[in-house]
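Structural description and commentary
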Amino acid sequence: MTGETSKQPKYRRIADDLRAKIDAGDFRPGDRLPGENPLAAEYGVAGMTARQALNALKKEGLVESRKGAGFYVRSFRPIRRRGIARLSRGHWGSGASIYSADDGRDLTSEATILGQVTAPPAIASVLGLEGADSAFGRSRRFIVENRPILLSTSYLPYDLVAGTRITEADSGPGGIYARLADLGRAPVHFREEIRVRAPSTEDAEGLNLSADTPVINIVRTAYDESGRAVEVNQMVLDSLAYILEYEFDG
């Protein structure tokens, strides 16, 4: 044992051993890990230390706990969010959903039409809106394999989208970007701001997360050819369900 390793907390050494076994395939997706009592006996530690090790792997997203049944290797395959390909006009302009550029699994969504709303001040400023109820809002919760993965709320200028299919739960092939293109205001430039934070109570409830599971907060602004912002989308992602991928030409 190296000096560096010996300084590690006991629970961390146990977690490292279990992670190595998961990586080697000794424990496969869906397999139950040894409980805290067997681990405590194997490593000569207290049960609380063994539980710390299991919870450390849970925070990393490698395992999940099931009430009264122990800890299992997580079987959900993370979604690879292809940040550039998904926003290509060649993709959504063909009638495809943005999500289909990320993953081939079935996606279901629960849409909530917020209607004519007052956008948060920062968003209203980006969209160039003034006054109350000058925005149109729509929210959705996305679910894959019965697991909530993403909460999304879009704000658009109300005067631009009133009376269009954008105000309906199903905005049609290609989504709201295709409908903006129908209006002659197709998005041609996007900006995303990304940060990781603790979930709010609303986030945790909507994504079925524990309070100590981080979320990824993404705010995307879509601009038309004239440089005007036509949509601001606030997204909250389950950090354990996503890999963010960006591919660039140098």
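Look up a bit, the structure's there.
Computed from a predicted structure; not experimentally measured. Per-chain numbering applies: the sequence of each chain, read as written, is numbered from 1 onward. Given that the model is predicted, a residue must reach a pLDDT of at least 70 before its local features are reported, and side-chain atom pairs must reach 80 or more before they are shown or counted; all residues, however, enter totals for whole chains, interfaces and linings. Only heavy atoms go into the side-chain values, all of them from the structure, while hydrogens and water stay out.

**Things to note about the packing of helix α2 (residues 10–24) against helix α3 (residues 36–43)**
Interaxial angle, 0 to 180 degrees, is taken between N-to-C directions of lines fitted to C-alpha atoms, where a helix line uses only the stretch in contact. Only runs of H or I of at least four residues qualify as helices and only runs of E of at least two qualify as strands under DSSP, and these elements are numbered from the N terminus. Packing of α2 against α3 brings their axes to within 12 Å, and their N-to-C directions diverge by 110 degrees. By the angle class used here, α2 and α3 are roughly perpendicular. Contacts between α2 and α3 involve Ile14, Asp17, Leu18 and Lys21 from the first element and Leu39, Glu42 and Tyr43 from the second. Lys, Arg, Asp and Glu make up the charged group, whereas Ala, Val, Leu, Ile, Met, Phe, Trp, Tyr, Cys and Pro make up the nonpolar group; the residues left over, Gly among them, are polar. Its residues assigned to classes, the contact of α2 with α3 comprises four nonpolar, no polar and three charged. We call two directions roughly parallel when the angle between them is under 35 degrees, roughly antiparallel when it is over 145, roughly perpendicular when it lies between 65 and 115, and oblique otherwise. Note on definitions: a residue-residue contact is assigned when non-hydrogen atoms from the two residues lie within 4.5 Å.

**Things to note about the packing of aromatic side chains**
Geometry of an aromatic ring pair is reported as the spacing of the ring centres plus the angle between the planes. Aromatic rings from Phe, Tyr and Trp, with only the six-membered ring used for Trp, were paired whenever their centres fell within 6.5 Å, and each pair was classed as stacked if the ring planes differed by under 30 degrees, edge-to-face if by over 60, and tilted otherwise. Under the defined criterion, the tally for this structure stands at three aromatic pairs. Centroid distance Tyr177 to Phe190: 5.4 Å. Interplanar angle 50 degrees. Geometry classified as tilted. Placement of Tyr177 in helix α8 (residues 175–182) and of Phe190 in strand β7 (residues 189–197) is noted, with a sequence separation of 13 residues between them. An aromatic cluster is defined as three or more aromatic residues linked by ring pairs; in this entry it consists of Trp92, Tyr177 and Phe190. Ring-over charges, as used throughout, are those where CZ of Arg or NZ of Lys falls within 6 Å of the ring centre and within 35 degrees of the ring normal. In this structure, Arg66 packs its charged tip against the face of Tyr72, placed 3.9 Å from the ring centre. When the ring centre of Phe76 is taken as reference, the NZ or CZ atom of Arg105 above it lies at 4.9 Å.

**Let's talk about the layout of surface pockets**
One water molecule sets the probe size; rolling that probe over the atoms shows where empty space is left. Computed over the protein atoms alone on a 1 Å grid, cavities are sets of points where a 1.4 Å probe fits but cannot get out and pockets are open sets with protein on both sides within 12 Å along at least five of seven lines; a residue lines them when it has an atom within 4 Å of a point. Grid points are joined across faces, edges and corners, and a volume is the space filled by probe spheres set on the points. Taken as a whole, the largest pocket encloses approximately 630 Å³ of empty space. Along the wall of the largest pocket there are 33 residues; nearest its centre are Ser97, Ile98, Tyr99, Arg140 and Phe142. Ranked by residues supplied to the lining of the largest pocket, first place goes to strand β6 (residues 147–157) with five residues. Its residues placed into classes, the lining of the largest pocket shows 13 nonpolar, twelve polar and eight charged.

**With respect to a nonpolar patch on the surface**
Candidate patch residues must exceed 30% relative accessible area and have no salt bridge, after which like charges are joined if within 9 Å and Val, Leu, Ile, Met, Phe, Trp or Tyr side chains if within 5 Å. Only the protein chains shown count as cover for residues, and all accessible areas are computed by the Shrake-Rupley method using a 1.4 Å probe. Each reported salt bridge corresponds to a side-chain nitrogen of Lys or Arg within 4 Å of a carboxyl oxygen of Asp or Glu. A cluster of nonpolar side chains, namely Ile84, Ile194, Tyr246 and Phe248, defines an oily patch on the protein surface of about 390 Å² accessible area. Within the element layout of this structure, Ile194 appears in strand β7.

**What about the pattern of salt bridges?**
Should their charged atoms come close, side chains of opposite charge can pair. Per the counting criterion, the structure on display carries 21 salt bridges. Residue Asp238 pairs with Arg147 through a salt bridge whose shortest N-O separation is 2.6 Å. Of the two residues, Asp238 sits in strand β9 (residues 229–238) while Arg147 sits in strand β6, which places them 91 residues apart along the sequence. Comparing Asp238 with Arg147, the two get one shared label, buried. Notably, a salt bridge pairs Glu168 with Arg165, separated by 4.0 Å at the nearest N-O pair. Only protein chains enter the accessibility calculation, which uses a 1.4 Å probe; a residue whose area is less than 20% of its type maximum is buried, one above 50% is exposed, and one in between is partly exposed. A relative accessible area of 43% means that Glu168 is categorised as partly exposed. Its relative accessible area of 38% is what places Arg165 among the partly exposed residues.

**Some thoughts on the nonpolar core**
Each nonpolar core is a collection of buried residues, namely Ala, Val, Leu, Ile, Met, Phe, Trp, Tyr and Cys, held together in the definition by side-chain atoms within 4.5 Å. Core analysis: the largest hydrophobic core is formed by 17 residues, its most contacted members being Leu18, Phe27, Leu33, Leu54, Leu57 and Val63. Looking at this core, the elements with two or more residues in it are α2, α3, α4 (47–60) and β2 (70–73). Per-element tally for this core: the top contributor is α4, with five residues. Excluding its chain neighbours within four sequence positions, the residues that come into contact with Val63 are Ile22, Leu33, Leu54, Leu57, Lys58, Phe71, Tyr72, Val73 and Arg74.

**Focus on α2**
Multiply 1.5 Å by the residue count of a helix minus one, and that product is the helix's expected span. Taking 1.5 Å per residue as the helical rise, α2 with its 15 residues ought to reach 21 Å, and the 21 Å between its terminal C-alpha atoms agrees with that figure. Buried within α2 are the following residues: Ile14, Ala15, Leu18 and Ile22. The buried residues of α2 occupy an angular sector of 100 degrees when the element is viewed end-on, so they sit on one face. When the buried face of α2 is taken as reference, the exposed residues oriented beyond 90 degrees from it are Asp23 and Ala24. Looking at the buried positions of α2, the neighbouring elements they touch are α3, α4, β1 (63–66) and β2. Two residues or fewer after α2 comes Gly25, characterised by a positive phi angle close to 90 degrees. Here, the arc refers to the directions that run from the helix axis to the C-beta atoms.

**Points about unusual backbone geometry**
Look at Glu145: it is not a glycine, yet its phi comes out positive at around 50 degrees. Residue Glu145 is classed as partly exposed on the basis of its relative accessible area of 47%. One non-glycine residue, Asn146, lies in the positive phi region at around 65 degrees. Among the secondary structure elements, Asn146 is positioned in the loop between β5 (135–144) and β6.

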